[in-house]
Amino acid sequence: MPRLRWMFIAAFATLLFFIAATVYCFEFQKLARLKLAVTDGSARLAEKERSVINYREKVAFYRTEEGMAHLAREQYNLVFPGELVYVVKIDSSENVVEVVRP
């Protein structure tokens, strides 16, 4: 039969082994969570960068004469002098199309 001292040393070594294994397991889980957070953060950053590029392109477009004309037509229903505008009215019940020239 083994001595009590050797049983105590074996139990202590086993306890230390399981404590170390538990610590490593928790650290690997934390590492996996951090990798996921970095991946999500980089995806959000790429999305924000695409958004910034899109807005810069819009600003560059609306600074031109063509862009201002487009904005005036689309947002404010403005026209150039001497330009004719036709209003198309569609009646859904009778499927009649009427073109009105103001």
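Residues numbered from 1 in each chain as written. Predicted model: local features only at pLDDT ≥ 70, side-chain atom pairs only at ≥ 80, totals over all residues. Heavy atoms only, no water.

Chemist: I would appreciate a short explanation of the pattern of salt bridges in the present structure.
Modeler: Evaluation of the coordinates by the stated rule reveals 2 salt bridges. A salt bridge links Glu27 to Lys30; its shortest N-O distance comes to 3.9 Å. Of the two residues, Glu27 and Lys30 are both situated in helix α1 (residues 4–62); the distance of 3 residues between them amounts to about one turn of the helix. Judged by relative accessible area, which is 39%, Lys30 ranks as partly exposed. Linking Arg73 and Glu83 is a salt bridge whose minimum nitrogen-to-oxygen distance equals 2.9 Å. Taken as a pair, Arg73 in helix α2 (residues 65–76) and Glu83 in the loop between α2 and β1 (87–91) lie far apart in primary sequence, 10 residues in all. For Arg73, a relative accessible area of 36% puts it in the partly exposed group. According to the relative accessible area criterion, Glu83 is partly exposed, its value standing at 30%. (Salt bridge = Lys/Arg side-chain N within 4 Å of Asp/Glu carboxyl O. Helix = DSSP H or I, 4+ residues; strand = E, 2+ residues; numbered from the N terminus. Buried < 20%, exposed > 50% of the residue type's maximum accessible area, 1.4 Å probe, protein only.)

Chemist: How should a nonpolar patch on the surface be read in this particular structure?
Modeler: A grouping of Trp6, Phe8, Ile9, Phe12, Leu15, Leu16, Ile19 and Val23 is seen on the molecular surface, where their side chains present a nonpolar patch of about 830 Å² in accessible area. Position of Phe12 among the secondary structure elements: in helix α1. Phe12 gets classed as partly exposed once you look at its relative accessible area, which sits at 44%. (Patch = residues over 30% accessible without salt bridge, like charges linked within 9 Å, V, L, I, M, F, W, Y side chains within 5 Å. Areas by Shrake-Rupley, 256 points an atom, 1.4 Å probe, with all protein chains shown as cover.)

Chemist: Honestly, α2 in this entry has me stumped. Any pointers?
Modeler: It helps to recall that an α-helix has 3.6 residues per turn; residues three or four apart then point in one direction. Compared with the 16 Å implied by 1.5 Å per residue over 12 residues, the 16 Å span of α2 between its first and last C-alpha is a close match. For α2, every residue scored as buried is listed here: Gly67, Ala69 and Ala72. At its buried positions, α2 is contacted by α1. Where α2 ends, the next residue or the one after it, Asn77, has phi of about 55 degrees, a positive value. (Expected span 1.5 Å × (residues − 1). Contact = heavy atoms within 4.5 Å.)

Chemist: Explain the confidence of the model for the chain to me, please; I cannot follow it from the model alone.
Modeler: A low pLDDT means the predicted coordinates there should not be read in detail. Taken residue by residue, the chain gives an average pLDDT of 88. The fraction at 70 or more is 86%. The lowest-confidence element of the chain is strand β2 (residues 96–100), averaging 58 in pLDDT; the highest-confidence one is α1, averaging 96. (pLDDT = per-residue confidence, 0-100.)

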